[in-house]
Each structure stands twice: as C-alpha cells, then as structure tokens.
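Report on the structure
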Amino acid sequence: MTDKVPDIEEAAEPPASFADVAKGIMTDKVPEIEEAAEPPASRQSSADVLHNLETEQMAPTKYSIISRNGIGTTGKRIPLLVNLFKVDVNAPNPDTMFFQYSVTITFEDKRAVESKGIWRKVIHRLYQMYSSELGGKRFAYDGGRALYTVGPLPLNKYEFKVLLEESFTKCSSAESPGVNGSLCEKTKRSKHSFQSKTFIVEISFVAKIPLQSIALKEVESDALRVLDIVMRQRAANCGCLLVRQSFFHDDSRNFTDIGAGVTAVSGFHSSFRPTQRGLSFNMDVSTTMIIKPGPVVDFLLANQQVREPRYIDWAKAKKMLKNLRVQATHSNQKFKIYGFSEKPCIQQLFSMKVKNDNGNNEGQTVDITVYEYFAKHRGIELTSSAYLPCLDVGKPNRPIYLPLELCALVSLQRYTKVLSPMQRASLVEKSRQKPQDRIKILKNAVGNYCYDDDPVLAACGISIEKQLTLVEGRVLETPKLKVGKNDDCFPNSGRWDFNKKTLLQPSHIDFWAVVNFSARCDTSYISRELIRCGMSKGINIERPYTLIEEEPQLRKSNPVTRVERMFDLLASKLTREPNLILCVLPERKNCDIYGPWKKKCLSEIGVVTQCISPPLKITDQYLTNVLLKINSKLGGINSLLAIEHSGHLPLIKDTPTMILGMDVSHSSLGRSDIPSIAAVVGSRHWPLISRYRATVRMQASKLEMIDALFKPLENGSDDGIIRELLLDFYQSSNGRKPTQFIVFRDGVSESQFKQVLDIEINQIIKAYQHLGETNVPKFTVIVAQKNHHVKLFLANGPENVSPGTVVDTTITHPRNYDFYMCAHAGMIGTSKPVHYHVLLDEIGFSADGLQDLIYSLSYVNQRSTIATSVVAPVSYAHHAAAQMGQFFNFDDLSETSDSEGNIPIPELPRLHKNVRSSMFFC
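What you are looking at is a predicted structure, and each value in this text was computed from that prediction instead of being measured. (Residues numbered from 1 in each chain as written. Predicted model: local features only at pLDDT ≥ 70, side-chain atom pairs only at ≥ 80, totals over all residues. Heavy atoms only, no water.)

1. Observations concerning the overall build of the protein
Under the convention used in this document: Only DSSP runs of H or I with at least four residues qualify as helices, and only runs of E with at least two residues qualify as strands; both kinds are numbered from the N terminus onward. Relative accessibility under 20% of the residue-type maximum defines a buried residue, over 50% an exposed one, and the middle range a partly exposed one, all with a 1.4 Å probe and only protein chains included. Contact between two residues is taken to exist if any of their heavy atoms lie within 4.5 Å; hydrogens are not considered. Computed with the Shrake-Rupley method and a 1.4 Å probe, the accessible areas treat only the protein chains shown as cover for residues.
Of the regular secondary structure elements, the protein holds 21 helices and 42 strands. A burial count over the protein gives 54% of its 922 residues as buried. Contacts spanning at least 24 positions in sequence make up 74% of the contacts within the protein whose residues lie at least 6 apart. In the form shown here, the protein has an accessible surface area of approximately 40,700 Å², with 48% of it arising from carbon and sulfur atoms.

Quick look at the structure:
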C-alpha cells in the first residue's frame, strides 16, 4: 500500500465513497501527496483566517453546547477540599446595577497618551481631585478604556483636567549625556522631564450591567468581569505586576533564582467563578518569570553564563535587553533601553554645549566622551565599564548614553522566553508545595487581603468566606492492562512496570545503526545493554550494523551541516534501509541537532529514529523507557486495556469509532510573529483505542481554531488533515469507515467552545462528506483544559488525591456538562486535575461511561508506564506538534519577514510515506 491520492487532473468531482478512494490509494497512478500540496500561503491575520473559516467553510449542521445529563455514581466516595471560597451576594437593592463608562485620556493638545502605565495614575489622581463632582463614587477601573461604578455618576458625561506632578518620561541631558548634551545645573529640567503634566480625561456613560445576573448564575455575565476588574485594581494599587488574573508583589521573599539571570516570583491568581452552589472565589498560588533585578552587568554575566564582561556577546545582549527598564543609580531616574552605543564608554563621543561667562548655554559646542563627562562634570570615576559599551536609553535619532555600571534593572519585568531544561528543573524543584502547605498559604491570603473591605465589593453586598469548599469526590476503579503472554497487569497508584513482563506485540529489529553526535558515552555498551534489555521484554534486536562517531572537526559546524555529514557517513556504511537509527545527542532536550535530525529522518529519508541523551548510570528502567518508545514507533504494541484487548468497549465495539486528539501549539518565545502549529491524531485499527497516527500543519500565529481540517484546493480535491486520518482509519480497520467520532480538543477557553462546534466539527463533516458520504456522523466532543487554577485536596490527609479522583457536583458549571478528573499520581507538589467540558454527546454515553472512558484513555499512552494527567490522544497531539515544530529555526525564518515584521507561514514538510502512519511522536 502506498499513500497515493486521487489524480488531481482526473478527480475534479468528489469520490463516490471511502472504498473508491482507498482503491485509488492502492495504485501507482497518481502523484504522492507532498507533490500535490499547494505552495505556501501568504500570511493572513488570525482575524482574517477566522473570518474565512466562518463565512466560507460553515456547514449547515448547527450544534449547541449541551447541558449536563446526569452525574456519575461509580467509585469510592471521599471528602475533598477545593480552593474555591464561597461568595455571599447580599446587594442592598435587588435592582443594583454596575454602570459602565468609557474613558479617554489625552494631553492638553489632544495628543494620545500612548503609555498605558500612565493611565492608572491619571485616574487615581482624578479621583483625588474630583471626588465630590463624581458623587463620591468609587471606581472599578480596568487600566484602559473602561470604568465601572455601583450605581450611576451624577452626570452621563464629564471632561476633567488632571495635573500629574511626577516624572514619567526620560530625564534630560543634565542627568546623562545625550547626543546634544549640555552642561546645566542639576536643578534645571528639560521640558520633557520633572515638570507637571496636564491631561484631559473624558468619561462617558456606556451601559448598565445588572448585578442580579450573578445570582442567576449567568456564566458569561459582564458583572463577573467587573468583579475581576475590582481584584486587578486592588493589586495594581499595591504596585503589583499583573499577568492576566494573577498578581505578584515586589517582595524579595517571593523571589527564587532559577539560573541564567531569571527569577521565579510567586504570587496569587484570583477570579470569580459561578458554580452549581453559587458564586465562588477561586484563589491559587501562581508563578511567573521575571528578569533578575539588579546591576545590568551582573544580569548579562548570569544570562550568558560567562565569568567576565569581556566574554559577553553584545549582539545577544542587545536583543535580550531591548525595551527593558533600568534605573540610573546616580540619579534614581528610570529609562527604557533602546540598545548600545557603537563604541566603548571611554571612546563614545557626544556633543555638549558649554556654558559661557553669563551662565547660560549660548557657548561653544564641544565633543566629549561619556567617560570624561562623568569624571569631570559628575564627579564619578567609572571603574568597570570604561571599556564596555554604554546603554542607549534615548530614541533612534536622539541617543542618551549611560555607563553600564551606573544602571540597574528595575524589578518585576517579565521574562517571556522559553526556559532551558535546567531552569525548568530548578523551577519545579524550588516552587513545588505540598498540598497542606498550599492550603495554609491560600487561607492566609484570603484572610490577609481583606477583600470584604473593598468599597466596590461592599457596595455590592459581596463578602467572601475564609474556608475552602468541602465537596464529595469519587475515586474510579483502576483499569486493568494486558501485556505479553496474555498476562494481566494491575497498575498501582497510577503506575505499572514491565519487570518480569514482556510487551504485548514486540517488534523485531534486524538491521539498525547507532550514530553519536559527540556525546561522551560508550555507544557499543549502550547497544549491548539495549539488546539485553530488549530480549527480556520480548524484542528481538540484532547487533547494530554500524556505530558511527561524529568527526571531531564538525562539532562546531551548524546543526544542518552536522546532520547532512552524518547521513553521508551512514550512506557509505549501510547496505540497505535500516529499521531504526539510534541517535545519541550531546545535550538533554533543546539540543540544536534534534530538529534537523528529525526532519531529515522523518521527512526526507523515511526511517524511524530514536534520540537519546543517556545518563551517567544507565539503568534497566531507562532502557525500558527507550524500548517502549522504539517499539511503538516500529508498529508494536506495549500494552492494551484489558477491555480493549477483549473487544468489549461499550458503544465503540459495535460501531466503527474514530478518536481524535486536537491541539494547537503557540510560540512560547514571547513573539507574536511565529506561526502556530496544529496537530491532530486519529485512532486506527478499530476497535482499538490505543493506536494513533498524527498529521501536523502550520497556521497563522496565535490562531486557535485549526484551519486545515478541511482544505479544498482549486481542482476540487481536499488536502486537509481529516482526509488523511479518515483514509488511514479505513485502510487499517479492514475497510470500515467511522460513523461516529470522539473528539478531544485541547487548549481552548470557554469563549471558544461554540467556535469548536461551528468551525472545527463542521470542517470534519465537510472532509467526511467530500469522500462521497452523504450522512453526518455522530459526535461526542470534549474539551480538556489544563490551564486553570482549581486544585483538589484530601480533606482527611496530607497526601495528594488518588489517581482516578473525579468531581462532577457542587463546584462544576451551573448548567453545562463538565467535571474535574485527576487521573495521575501527583508525586511532586500539588496535583492538578484536568477540567473536562462535554460540548456534545450524540453517541449517548452515560456520565459513568464517559468518565470511565476518559480515565482509561490516560492508561493507553504507549510511551509511559504511568497514568498521564490528560487523555493520550491530547498528549500525543501535543508531542507531535512540539516535535515537528522543531523542523524549522524561526530565528532564520524571521529574516524573511515582511515590512511589518510578520513571518510568512511556511509549508510544514510532509512526513515520508514510510513513517507517515507510525507513532513517530512517542
């Protein structure tokens, strides 16, 4: 069987059925799918793509988010605590309203105020100056263009003049040398510095928001958003760093150094949530990363991990420091960094006007170095930065130079780049909290912040209880697994192993190779140990045909060159196509060889590869984990659910059912120009639910809806993701087509649930019907949310909750169908459940049946011997997106960006036909 598609010249009409398509696929009459792919699309904004999806690809099928159809009853019942605090709403008047007003702030000359940091200060000052005119009403201000009060202001429209008497712009050349610097007395200010500023503030009525909507449990209530704004305002007034609904104090006791100039700062998340029991207040410990405050030079040394300033890479330093804020230690003024001077401090000249005898600046202009200026005119002898570049804190055409040793990075500046493996490990080690410690911290926080004293909350009659909510949970029965020799395997506390057990369907590896990219290890020893361990697990592994060590002179070459040269060496040694290439990398994770190597193997050559970076001590557990991944990639099966093995899965065994896991991965590099990566995995070999293949595509940056599920081309054919998965299902399931789908969608917020049904599910239907089917299959659609702040705690013990713990009452959605499940064993810190939302259930699962299926799908991940926190299809989709996302170096792609800095969306290379159906993501 080859992976051919219908000829693009002959197949202008949609095929008649799956069978016709499959028949076409098994011939050699048509070009391969990668050859028929359309050229890379020009870049579209997320809004444009979303608009196109909504207007051009909408199918007639209309879905609504379903309501709860019952609660689960199976499992052992246990008492739990949840970090949701009950909120009482006793408004003085049942008709109490929030009044929303729009805010506009300009300078006196009507110029816009671009710095959002000024807006809160202006509004705070406005209240101090005009409280009586505003009827004494306290504000809930969002920091932008919206302001809320409880009850109306005396008038619907205001215009105020507000005088702000503090410095908020750069200091003048009297404080530091600029391109047109001047010697003036320290007390003299430029027109852009310490003088007062007058702002014009316009306030206009917009709408009324009834507080009663909270009591009616309206989840999308604007009133809830106002309450969250109140919380953010309280934190902002305390000088906190705000990150969405979390806040962080500038308190060194909350700081933890995690290496490379990055500091983890702990704070709190706070939000209001409607639940079945009523309004609740969610408070949780939160962590974000900031640039380590202090001397700039100290930060650069730590960030680049060098010992002396002479080793600093100044190009990297410029990219890292740009737009960060520093404080000049000689003047206490704050600046935003633009870049560096072209020359060292002792050589960098700037022009300065010298006072004449009359004491004014009408004298001659002289050129003077920054070093000389500070020595002669400021009395500061620079000791460590004379031969280093200066910071440029001016503007592109008006530089202002500051010596590095006089600059310190301001606190609470977010670090948004990807953490290194060492930083991440340090963060996990230093920030984890045992369940009982977290409970204590949260109870203290709710008490100490005195939310009941807030004037806006008090005007609404809102009070927050100080105790965590007590709920009833259930612990589901652990599923049984089948391994080799028809043995049963009984996981314990979410874990199992293959000690004295063999794999269910082991592979045979008769021709393979080992390559070593300069890792300090004995590859001959590793291969012998792998063979020995494989034999004990039932995998017959012959001796590797060749072991290749990288040529020493190549170690400093770029990654692509190193990979190409290694394949040249392989080609000269191998006599035929290998089953497997074991690749030994020099660094754990984030190795720059990894992406080019995987791209070469999976896209160009079509060979299964396993990358390792072995520890100093190679254990059987380590070798077993490697073998589990290798066996899965080669088409073997490590274990199956016992109920799956026997073919008795309810609602699945009798009806061909395809399980989809869908995820969109966005750049975590703090850049909005990098394309997002959409990955979908689909089950195969029905009625199994443990075997999958993946399809991955790139799409517009930050676009959450997957736009290539159905992708019609001009010739009438479909080049979408779902088509590939449907045809694979048909071929691997004995010619059966799926008539029902179970869709697991990761990473979407509640505001996007309807889009999943309207856009993505309808794309799946279009792809399904494009293959000649006229009926609409049944769907069960479930969203898995991991990024939330609800935690479950044992009410009667210090440990984490047990694997299989479910809560589907009290704290769940007032109307919709959702539940919390903690499927894994929390070994470090406090366990975090996954929040599952059932948007649609046409298949008709009972509450117990669906919860059991989801819990079971946490035990089918072939790369693991522990229950995963989220269902395997979602985990697989995440791994597939991450792996293929490394095919590209986005720093190189940024060189092809357009005039607005947007990177064109490249066509992600298609996988080679030899590995396309493999579980390469394991």
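Anyway, onward from the coordinates.
2. Structural notes on the side chain of Lys 791
Defined as follows: Throughout this description, a polar contact denotes any pair of N or O atoms lying within 3.5 Å of each other; where both atoms belong to protein, one of them has to be capable of donating a hydrogen while the other can accept it, and for residues adjacent in sequence the pair is counted only when both atoms sit in side chains.
Inspection of the secondary structure puts Lys 791 in the loop between β38 (778-785) and β39 (792-794). At 2.8 Å, the side chain of Lys 791 forms a polar contact with the side chain of Asp 284. Excluding anything up to four places from it in sequence, Lys 791 contacts Leu 81, Val 82, Asn 83, Asp 284, Arg 438, Thr 830, Ser 831, Lys 832 and Pro 833.

3. Quick notes on helix α15 (residues 620-633)
An α-helical turn contains 3.6 residues, so any two residues separated by three or four positions project in the same direction. Convention followed: Between the first and last residue of a helix there are one fewer steps than residues, each counted as 1.5 Å, and that sum is the expected span.
For α15, spanning 14 residues, the distance from its first C-alpha to its last is 20 Å, which sits close to the expected 20 Å at 1.5 Å a residue. Taken together, the buried positions of α15 are Leu 623, Thr 624, Val 626, Leu 627, Leu 628, Ile 630, Asn 631, Ser 632 and Lys 633. Structurally, α15 contributes buried residues whose contacts are with β27 (508-509), α12 (523-536), β29 (540-541), β31 (580-584), α14 (594-605) and β32 (608-612). The positive-phi residue at the C-terminal boundary of α15 is Gly 635, with phi of around 100 degrees.

4. Points about unusual backbone geometry
With the exception of glycine, most residues fall at negative phi, and the peptide bonds are largely trans. Put simply, Trp 686 and Pro 687 share a cis peptide bond, and its omega is 15 degrees. In this structure, Pro 687 sits in the loop between β35 (676-683) and β36 (692-699). You will see that Arg 244, though not glycine, has its phi angle at about 50 degrees, which is positive. With respect to the helices, strands and loops of the structure, Arg 244 is situated in the loop between β9 (241-243) and β10 (246-248).

5. Focus: the pattern of salt bridges
To keep things clear, this is the line we draw: By salt bridge we mean one thing: a side-chain nitrogen of Lys or Arg within 4 Å of a carboxyl oxygen of Asp or Glu.
A complete count under the given rule lists 40 salt bridges for this structure. For Arg 565, the salt bridge identified is with Glu 551, shortest N-O distance 2.9 Å. Of the two residues, Arg 565 sits in helix α13 (residues 559-573) while Glu 551 sits in the loop between β30 (546-549) and α13, which places them 14 residues apart along the sequence. Judged by its relative accessible area of 31%, Arg 565 is partly exposed. Glu 564 is the partner of Lys 600 in a salt bridge, and the nearest nitrogen-oxygen pair spans 3.0 Å. Taken together, the positions of Lys 600 in helix α14 and Glu 564 in helix α13 put the pair 36 residues apart, joining distant regions of the chain. Exposure remark for Lys 600: the relative accessible area of 11% places this residue in the buried category.

6. Focus: the environment of Gln 851
Residue position: Gln 851 is located in helix α19 (residues 847-856). On the accessibility criterion, Gln 851 (1% relative accessible area) is buried. Counting along the chain gives 43 residues from Gln 851 to Asp 808, while the straight-line C-alpha distance between them is 9.9 Å. Setting aside its immediate chain neighbours within four residues, Gln 851 contacts Gly 72, Arg 474, Leu 476, Val 806, Asp 808, Phe 819 and Met 821. For Gln 851, the side chain forms a polar contact with the side chain of Asp 808, separated by 3.1 Å.

7. Considering the sheet that holds β30
Selection criterion: Two strands pair under a simple rule: DSSP has to find at least two bridges between them. Here the axes come from fitting lines to C-alpha atoms, over the contacting stretch only for helices, and the angles between their N-to-C directions go from 0 to 180 degrees.
Pairing is parallel in the open sheet, where four strands are placed in the order β30-β28-β31-β32. Only two strands of the sheet have a single neighbouring strand rather than two, namely β30 and β32. Here the strands of the sheet are splayed against their neighbours by 15 degrees on average, with no regard to which way each runs. One ladder, built from five bridges, connects β31 with β32; its direction is parallel. Looking at β32, one finds that Leu 582 is bridged to Gln 610. Sheet strands touched by α12: β28 (512-516), β30, β31 and β32. Its angle to β28, the strand with the most contacts, is close to 140 degrees.

8. A few points about the sheet that holds strand β17 (residues 339-344)
Two orientations exist for strands paired in a sheet by backbone hydrogen bonds: parallel and antiparallel. Reading across the sheet, the three strands line up as β17-β20-β21 and stay open at both edges, with antiparallel pairing between neighbours. Of all the strands in the sheet, just β17 and β21 (401-402) have a single pairing partner and so form its edges.

9. Overview of the environment of Gly 259
Tracing the chain through its elements places Gly 259 in strand β11 (residues 255-259). Classification of Gly 259 by relative accessible area gives partly exposed; the value is 26%. In this structure, the C-alpha to C-alpha distance between Gly 259 and Asn 303, residues 44 residues apart in sequence, is 7.7 Å.

10. Observations regarding the pairing of strand β8 (residues 197-210)
Side-chain direction in a regular strand flips from residue to residue, so the side chains alternate between the two faces of the sheet. Alignment of strand β3 (residues 97-107) against β8, held across eleven bridges, turns out to be antiparallel. Across the sheet, the residue bridging to Val 103 is Ile 203, located in β8. Pairing geometry for strand β6 (residues 157-164) and β8, over eight bridges, is antiparallel. In the sheet register, Lys 157 faces β8, and the bridge partner there is Ser 204.

11. Remarks on the nonpolar core
So the rule is basically this: Each nonpolar core is a collection of buried residues, namely Ala, Val, Leu, Ile, Met, Phe, Trp, Tyr and Cys, held together in the definition by side-chain atoms within 4.5 Å.
Counting residues in hydrophobic clusters, the biggest one holds 122 residues, and the most contacted among them are Ile 764, Phe 779, Tyr 836 and Phe 921. Of the residues forming this core, the biggest block, nine residues, is contributed by helix α18 (residues 753-770). Discounting residues that sit within four places of it in the chain, Phe 921 has contacts with Val 681, Tyr 692, Arg 693, Ala 694, Arg 863, Tyr 876, His 879, Ala 880 and Gln 883. One finds Ala 146, Val 285, Ile 439 and Val 456 within the second-largest nonpolar core, a separate group that totals 39 residues.

12. Regarding α13
Note the following rule: Here the arc refers to the directions that run from the helix axis out to each C-beta atom.
Under the 1.5 Å per step criterion, the end-to-end length of α13 is 21 Å for 15 residues, consistent within 8% with the ideal 21 Å. For α13, the set of buried residues is Arg 562, Val 563, Met 566, Phe 567, Leu 569 and Leu 570. The buried residues of α13 all sit within an arc of 160 degrees when viewed along its axis, so they share a single face. Opposite the packed face of α13, turned more than 90 degrees from it, sit the exposed residues Ala 571 and Ser 572. Among the structural elements, β28, β30, β31 and α14 are those in contact with the buried residues of α13.

13. Some words on the packing of aromatic side chains
The test is simple: Any two of the Phe, Tyr and Trp rings considered here, Trp counted by its six-membered ring, make a pair once their centres fall within 6.5 Å; the pair's planes then place it as stacked at under 30 degrees, edge-to-face at over 60, or tilted in between. In this analysis the charged atom, NZ for Lys or CZ for Arg, is taken to sit over a ring once it is within 6 Å of the ring centre and within 35 degrees of the ring normal.
Under the definition given, this model contains 27 aromatic pairs. When the centroid spacing of 5.7 Å and the interplanar angle of 25 degrees are considered together, the rings of Trp 496 and Tyr 859 count as stacked. A residue pair is termed long-range when its members are at least 10 positions apart, and Trp 496 in the loop between β26 (488-489) and β27 and Tyr 859 in the loop between α19 and α20 (872-885) qualify at 363 residues. Tyr 859 shares its class with Trp 496; the two are buried. Between Phe 819 and Tyr 836 the ring centres are 5.7 Å apart and the planes differ by 35 degrees, which places this aromatic pair in the tilted class. Highlighted residues: Phe 819 in strand β41 (residues 817-822) and Tyr 836 in strand β42 (residues 834-841), separated in sequence by 17 residues. Comparing Phe 819 with Tyr 836 shows no difference in burial state: the two are buried. Members of the aromatic cluster, connected to one another through ring pairs, are Phe 247, Phe 268, Phe 272, Phe 281, Tyr 449 and Tyr 451. Geometry around Phe 107 places Arg 111 over its ring, the cationic atom sitting 4.4 Å from the centre. Just above the ring of Phe 567 sits the side chain of Lys 600; from NZ or CZ to the centre is 5.8 Å.

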